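# Structural description and commentary
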Amino acid sequence: MEAGSTSMLQSDLTAGRLSEPQAHALGVVNLLYAFYELVTGGTPAVQGAPPSNPVWTRPEVVDALRDAVQALRQLIQTTVEPFLQTAAEYLTTAVAAIHKDNFADEYAVDVEDWAVIFSQNNELTSWTRPSRLFV
Amino acid sequence: MVDANGPSAEPPVSRYLRDLQTRVAAVHTFILSRLQCGTDQRAWSQQLAAHTLVAFVRHLSLIRRPSEAGKLQLAADMAQMELMLAPLLGAAGTSLSVLGAPYRALRAFRYAAAAAGTSANSKRH
């Protein structure tokens, strides 16, 4: 998914569909993950299992596999992150519909200075970049 | 608020929660259900649910002096929030209780909104 397309994704979610490139991007994530599982599940050096073939214990092979796994993780993260971030913003926007007017109607509460409080709170609740992913 | 189904013991969920419900369903249908990424997918679902809960509780915590009707509405919305997120997490093989602090905050807020509000109002008046 290209940078800057998160608002487009939000519009598409609102409209109840995904564009073809977005659907393809999700397919790429699945493909990358399947490859990741193949690499990490099929190679003793990455698994940490006792190697049956001495080639897996060669330092250059172990290093190359670790690099490959790291690169795959990075690719998955890069591809899926915009989707997760947009989804979080999309859901937060709905929560943020507790704005002054309908909030007063729904709960019959005192909402003086609400606009200021709300804007501060909204900053607090903005999506922090999902740096915790893949840890 | 007018209930299209007539009077009932439980207040209907509010407009914004209905909107949120639609959006949660969209995220589930168009993003999460299309991913097949094992335990990573579970973690992503948990992060999204936790983020939604935290934002929800923070906004609710700004309510001041809710009326009795407002308290009932709050309780209904918080209960609906749980019902709404449960399928999203269930599809990823996890549950609300796994979220830890965000979920405990929601549960605690339900009691606080019902109980503490009463004593605060009685002190104020």
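What you see is a predicted model; the values in this text were computed from it and never measured.

Further remarks concern the nonpolar core. Note that soluble globular proteins tend to have their nonpolar side chains buried in a common cluster. Judged by nonpolar contacts, the single largest core of 51 residues is most densely connected at Val29 and Ala87 of chain A together with Val27 of chain B. Mapped by element, the contributors of at least two residues to this core are helix 1 (6-15), helix 2 (20-42) and helix 4 (59-95) of chain A together with helix 1 (15-30), helix 2 (38-60), helix 3 (68-90) and helix 4 (101-124) of chain B. No other element matches the 9 residues that helix 2 of chain B contributes to this core. Beyond its immediate sequence surroundings of up to four residues, Ala87 of chain A is in contact with Val27, Ile31 and Leu48 of chain B.

So, on to the environment of Gln74 of chain A. All names here are of chain A. Mapped onto the elements of the fold, Gln74 is located in helix 4. For Gln74, a count of 12 C-beta atoms within 10 Å corresponds to the exposed category. For the pair formed by Gln74 and Thr43, sequence separation is 31 residues and the distance between their alpha carbons is 19 Å.

Attention now goes to the confidence of the model for chain B. Residue and element names in this part refer to chain B. Across chain B, the average pLDDT comes to 80, with 79% of residues at 70 or higher. Within chain B, helix 4 has the poorest average pLDDT of any element, 72, and helix 3 the best, 88. Below pLDDT 50 for its whole length, residues 1-7 participates in 4 contacts with residues either more than four positions away or in separate chains. Throughout residues 120-125 the model reports pLDDT below 50, and contacts reaching past four residues in sequence, or to other chains, amount to 1 contact. Among the prediction metrics, the complex's ipTM stands at 0.77, with pTM recorded as 0.75.

Conventions used here
- Residues numbered from 1 in each chain as written.
- Chains lettered and ligands numbered in written order.
- Predicted model: local features only at pLDDT ≥ 70, side-chain atom pairs only at ≥ 80, totals over all residues.
- Core = buried A, V, L, I, M, F, W, Y, C linked by C-beta atoms within 7 Å.
- Buried ≥ 20, exposed ≤ 12 C-beta atoms within 10 Å, placed from the backbone.
- Helix = DSSP H or I, 4+ residues; strand = E, 2+ residues; numbered from the N terminus.
- Contact = placed C-beta atoms within 7 Å.
- pLDDT = per-residue confidence, 0-100.

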